[in-house]
Amino acid sequence: MSRCLIIGKPNVGKTCFTLSFAEYLGLKEVKMTIKQPAGYQATQTFAINDAREELISIEPNKTRSLHSIDLNLPMGKGKGHLTLIDSCGLSDGIHPDYEVRKAMAQTIRQIKESEVILHIIDLSRLFRDGKMQIPIIDDMVMKYVQSPQAYAILANKIDLESSQKGLIFVRNELKKVLVIPISALYHLGFKEVKSFVWRNL
Ligand SMILES: Nc1nc2c(ncn2[C@@H]2O[C@H](COP(=O)(O)OP(=O)(O)OP(=O)(O)O)[C@@H](O)[C@H]2O)c(=O)[nH]1
Ligand SMILES: [Mg+2]
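This is a predicted model, so every value here is computed, not measured. (Residues numbered from 1 in each chain as written. Chains lettered and ligands numbered in written order. Predicted model: local features only at pLDDT ≥ 70, side-chain atom pairs only at ≥ 80, totals over all residues.)

Caption draft 1: Region of the structure containing the site of ligand 1. Taken together, 23 residues form the shell around ligand 1, and within it G13, T15, C16, T63 and G89 come nearest. In terms of residues, the shell around ligand 1 owes the most to one element, helix α1 (residues 14–24), which gives three residues. Across the shell around ligand 1, the residue classes tally to nine nonpolar, ten polar and four charged. (Near = placed C-beta within 6 Å. Helix = DSSP H or I, 4+ residues; strand = E, 2+ residues; numbered from the N terminus. Nonpolar A, V, L, I, M, F, W, Y, C, P; charged D, E, K, R; others polar.)

What follows is the structure, given as structure tokens:
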């Protein structure tokens, strides 16, 4: 079994990616295990479009716990098992909301308990203080992940015009890391994400 954690800043598209990728892998509905930071666990089944409606938001920190989807995948002659885990977004500094701080701590704990890390960044939001920058929290996450964990950056929102400069910047800045450009909204780049995940199951 491999656990694949979807991590990144709030609002970068983690939930959108998790649901779209599960759909791309053949699911029409998702059975989600929702694990609260306090330890309570519940499962809920959604049609993918209902899950989108309920779980994706333009507001940051919509996701405040770990949301896991189990997948059984045909692999060669047998079956592989993969758990996709959506998580609470991480941000710089100390968040004012206690619930969000607890959920961020839960995300950080899950990093060490996952074999595959898909780290999403929003290419359209890299311009800060007059220049392009890799956000501090993303830099910290990159340093925290350790071999033999499989790690890739999913450079999201390539469907937006404003993301093109961001992609050039990220490719230049992160030469040692696998960067896969994607659009979680339009399922772009998923073939490459799938082969990366498959190589590491
Ligand atoms: N244009 C565009 N918008 C996207 C894409 N992926 C996500 N979004 C939008 O980005 C916003 C945030 O998406 P979410 O999936 O909720 O982001 P998240 O990272 O899970 O956010 P939190 O749970 O709040 O941390 C929503 O308005 C999405 O529709 C994409 O590939 N392209
Ligand atoms: Mg979310």
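More follows now that the structure is in view.
Caption draft 2: Examining helix α5 (residues 163–173) more closely. Restricting attention to buried positions, one finds in α5 the residues S163, G166 and V170. Seen end-on, α5 carries its buried residues on one side only, within an arc spanning 50°. Pointing more than 90 degrees away from the buried face of α5 are the exposed residues I168 and N172. (Buried ≥ 20, exposed ≤ 12 C-beta atoms within 10 Å, placed from the backbone. Arc of directions from axis to C-beta.)

Caption draft 3: Molecular detail of unusual backbone geometry. Of note in this structure, N11 is not a glycine but carries a positive phi near 75°. Looking at where N11 falls in the secondary structure, it is placed in the loop between β1 (2–8) and α1. Unusually for a residue other than glycine, D129 sits at a positive phi of about 50°. Its place among the elements puts D129 in the loop between β7 (127–128) and β8 (131–132).

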